[in-house]
Amino acid sequence: MGEAKSDRRGEETIAALEVENQKLRMELKMLRLLFETSNSAFIYYNYQEDKLETMGNWDHFFDFTVAQVSDFEKFYERVEEQNVLPLKEGFFIEKQNGDRQIFEIKLKNGGMCIEVEINIVYDEQRRPADKIIRFKDITRMMAQKDELTYMAYYDILTGLYNRNYFVRLLGEFLRRAGTENRRVAVMFLDIDDFRRVNDGIGIIAGDDLVQLFGQYLTNLMNSNVIISHFSSDIYCIGIYDPCGARSVETIYQVIRERLQKPFRMTDGQEISMTVSVGVAAYPEAAKGTLELINCAEIVMFKAKSQGKDTIQYFDCAILDDFLQTVTIQNKLKEAVFDQNFTMVFQPQCYAASGKLRGVEALIRWKDDHGDMISPAVFIPIAEKNGAIVPIGNWVIEKSVQIFAKWREKYAYPLVLSLNISAVQCKQSDFIESILHILEQYDVPPEKIELEITETILVDDFEETKKRLGELRKTGIRISLDDFGTGFSSLSYLKGLPIDTLKIDKSFVDTLLTDVNTKIITESIIYMVKRLGYETIAEGVETKEQFAYLQELSCDMIQGYYTGRPMPAEGIDDLLKEQTEKAG
Ligand code: C2E
Ligand code: MG
Ligand code: MG
């Protein structure tokens, strides 16, 4: 009976154990499944039993197995050198009484990136009981992170640094240069006529060019030379302690040599290009990063204005010039015609008789602070920003208005000379609008002479010639101003629809002291007269100059000697005098 009881109990126990076992097997299966599908590999180590087990997706990670702690050595051979020490320390963090650690390792030869997580479970006496090491494949995540990092620092098109990162690195250069007492140069490069290139070959090929040149520039980068693709066709080079192989001159030379050869686009066509370069250096030009880049940019514009394909170095005059331009540009925006501008008139006299022939209208600008700004300074700026068109219209209207009053008051054959800038002359309604004003004030076109400079002829000689021809057909006279300061070719004068030629002051200045000037001036006057034009000598300041020009049969004289530019009332007085004399 007792036996039967104990047998039954035994059976019950076995059954219970069976159930328990079944449960454990299920749990184990579940755990294994979990481990295996986790995309991770695990090492489980029990301290008490000194038992080590691997689980999960082990083969995905390693081509070796570990069965005991000493097998950890195998890891050290497989990972990159810099990971060995962290791995050794991480595997045994219990030695530092640590609980948990996570770090990244990389397998050798561009292999997998693995996140390693180590957890130690301690018992109540704070003795290590279990260790679980988890390996997780993070290669893809790291690649994405790398890409994001790359995008944060590099320009995808060219592989050069992007603008933000360049500015940061340049800032570091400057700080270092400050403590090490060195210089830092910035070269600001801009592809010449890029818009024309783009228009000619298309935007895609334009991008190609930017990319090819940028990729070439990456070859010049090193720890002391940083290069950035700044924006569309602009590149910026920062050089720490520029000297020897990394001097600005050498780098510029190297780049120029490359540019001697064309770039081959993806579609096979070959494109040549040039660059304009501005250079500014710390600490002379500027002490701050952005200021330094700014200075180099300003200087680059100077290189552009000097005919492109050239390098220009910073000097203070360029910066002053620029600042003045900006100030004037701002002031020009606020200028109010009748309040800020006035007209003065300078007499032009016949050389032979000394009689008044006409007046040249010259603009004067008094800014809000009462400072006089010379037209030689602000007209070129107004030409660039377009303000010359309204200013020029005001000049014409104002001068013609004053001129009409003189005509009413004095019966004197006077000519009004007006300076016309190229931009103004090229306006499509220019002729129409000037004729309209003349009609309004009842002034015959024959009494007006428009002074144009040679620069007007540079851009489009034939077109300008046509326009001048049309103007002359209306009866308006044309005068070529500042002759001798531009490209001064006598040959293009032939057939040019002009009436008068103004010999520039620079000739008159040295007429009596320099034999060459004397010869040139004599021949100009001789030839110009033969071509049938009248001559006016400008900037005549002395009696001797006047007498000599008279001797050369120059037709007319303009200059301080015969009369300075003066307000309208001054000309009034002169006219009164002349008419009284005649009367
Ligand atoms: P420009 O047309 O060659 O005018 C002659 C300049 O020489 C004037 O300077 C005049 O004051 C100056 N001048 C005349 N005689 C003498 C002299 O004997 N000695 C010296 N040292 N200078 C003399 P200003 O008025 O400063 O004008 C400079 C330039 O500005 C003009 O040169 C002209 O190109 C431009 N400009 C003046 N007014 C106007 C205007 O209304 N419209 C346009 N588009 N340009 C103007
Ligand atoms: Mg003039
Ligand atoms: Mg002149």
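Residues numbered from 1 in each chain as written. Chains lettered and ligands numbered in written order. Predicted model: local features only at pLDDT ≥ 70, side-chain atom pairs only at ≥ 80, totals over all residues. Heavy atoms only, no water.

A. The sheet that holds strand E6 (residues 184–191), seen in detail. In space, the 5 strands of this open sheet follow the order E7-E8-E6-E11-E12, with mixed pairing throughout. The strands lining the two open edges of the sheet, one partner per strand, are strand E7 (225–231) and strand E12 (311–313). Recorded for the sheet is a direction-independent mean angle of 20° between the axes of neighbouring strands. Sheet topology note: the E7/strand E8 (residues 234–240) ladder contains 6 bridges and is antiparallel. (Pairing = 2+ DSSP bridges. Helix = DSSP H or I, 4+ residues; strand = E, 2+ residues; numbered from the N terminus. Axes fitted to C-alpha atoms, helices over the stretch in contact; angles between N-to-C directions.)

B. Representation of the domain arrangement of the chain within the structure. Considered domain by domain, the chain is made up of domain 1 (15–137), domain 2 (156–325) and domain 3 (328–582). For domain 2 versus domain 3, the distance between C-alpha centres works out to 42 Å. (Domains from an automatic or database assignment.)

C. Helix H8 (residues 203–218), seen in detail. Relative to the 22 Å expected for 16 residues at 1.5 Å per residue, H8 spans 23 Å between its end C-alpha atoms, a close match to the ideal helical length. Residues Ala-205, Gly-206, Asp-208, Leu-209, Val-210, Phe-213, Gly-214, Tyr-216 and Leu-217 constitute the buried set of H8. (Expected span 1.5 Å × (residues − 1). Buried < 20%, exposed > 50% of the residue type's maximum accessible area, 1.4 Å probe, protein only.)

D. Layout of the coordination of the magnesium ion (ligand 2). On the protein side, the magnesium ion (ligand 2) has Glu-360 (OE), Asn-419 (OD1), Glu-451 (OE) and Asp-481 (OD) as donor atoms, found 2.0 to 2.2 Å from it. In this structure, the magnesium ion (ligand 2) lies 4.1 Å away from the magnesium ion (ligand 3), the two metals sharing Asp-481 as a donor. Of this pair, Glu-360 sits in strand E14 (residues 356–366) while Glu-451 is found in strand E17 (residues 448–453), placing the two residues 91 residues apart along the sequence. (Donors = N, O, S within 2.8 Å, 3.2 Å for Na, K, Ca; no water.)

E. Expanded view of the side chain of Asp-481. Within the secondary structure layout, Asp-481 lies in strand E18 (residues 477–483). At 4.3 Å, Lys-502 is the nearest oppositely charged side chain to Asp-481, a buried residue that forms no salt bridge. Those residues within four positions of Asp-481 in sequence are excluded, and the remaining contacts are Glu-360, Asn-419, Glu-451, Ile-452, Thr-453, Glu-454, Lys-502 and Glu-538. (Lys, Arg positive; Asp, Glu negative; His and termini not counted. Salt bridge = Lys/Arg side-chain N within 4 Å of Asp/Glu carboxyl O. Contact = heavy atoms within 4.5 Å.)

F. Representation of the pattern of salt bridges in the model. Summed over all chains, the structure comprises 31 salt bridges. The closest approach of N and O atoms between Lys-304 and Asp-190, which form a salt bridge, is 3.0 Å. Residue Lys-304 is found in helix H10 (residues 289–305), and its partner Asp-190 is found in strand E6; the two are separated by 114 residues along the sequence. Side by side, Lys-304 and Asp-190 carry an identical accessibility label, which is buried. Between Asp-555 and Lys-529 there is a salt bridge, and its shortest N-O distance comes to 2.8 Å. Pair noted here: Asp-555 is in the loop between helix H22 (543–551) and strand E21 (556–557) and Lys-529 is in helix H21 (residues 515–530), with a separation of 26 residues, a long-range link. Residue classification places Asp-555 among the partly exposed residues on the basis of a relative accessible area of 22%. Through salt bridges that share partners, Arg-357, Glu-449, Arg-477 and Glu-534 make up one connected network.

G. Representation of unusual backbone geometry in the model. Each neighbour pair has its own omega, and for Tyr-282 with Pro-283 the value is 5°, a cis peptide bond. Mapped onto the fold, Pro-283 is located in the loop between strand E11 (275–282) and H10. The backbone of Asp-50 sits at a positive phi, close to 50°, despite the residue not being glycine. Residue Asp-309 is not a glycine yet carries a positive backbone phi of 45°.

H. The site of ligand 1, seen in detail. Ligand 1 sits among 22 residues. The nearest are Glu-360, Asn-419, Asp-481, Glu-541 and Tyr-560. Between ligand 1 and Asp-482 there is a distance of 3.0 Å, counted from an oxygen atom to a side-chain nitrogen or oxygen. Within the side chain of Glu-541, an N or O atom sits 2.5 Å from a nitrogen atom of ligand 1. Expressed as a share of its isolated accessible area of 790 Å², the protein-covered part of ligand 1 is 82%. Secondary-structure elements contributing two or more residues to the shell around ligand 1 are E14, helix H13 (375–385) and E18. Among the elements that take part in the shell around ligand 1, E14 stands out by supplying 4 residues, more than any other. (Near = heavy atom within 4 Å. Polar contact = N/O pair within 3.5 Å; in protein donor to acceptor, adjacent residues only side chain to side chain. Areas by Shrake-Rupley, 256 points an atom, 1.4 Å probe, with all protein chains shown as cover.)

I. Here's a closer look at the environment of Lys-543. Along the chain, Lys-543 falls in helix H22. C-alpha separation for the pair Lys-543 and Gln-578, spaced 35 residues apart in sequence, amounts to 21 Å.

J. Looking closely at the coordination of the magnesium ion (ligand 3). Ligation of the magnesium ion (ligand 3) by protein atoms is provided by Asp-481 (OD), Asp-482 (OD), Glu-538 (OE) and Glu-538 (OE), these donors lying 1.9 to 2.4 Å from the ion. Note on Asp-482: relative accessible area 26%, which makes it partly exposed.

K. Focus on the packing of helix H7 (residues 194–201) against H8. One can describe the packing of H7 onto H8 by two numbers: an axis separation of 6 Å at closest approach and a directional angle of 130°. Viewed along their axes, H7 and H8 adopt a mutual orientation that is oblique. Touching Phe-194, Val-197, Asn-198 and Ile-201 of H7 are Ile-203, Ala-205, Gly-206, Leu-209 and Val-210, all from H8. The class makeup of the residues in the contact of H7 with H8 is 7 nonpolar, 2 polar and no charged. (Parallel < 35°, antiparallel > 145°, perpendicular 65-115°, else oblique. Nonpolar A, V, L, I, M, F, W, Y, C, P; charged D, E, K, R; others polar.)

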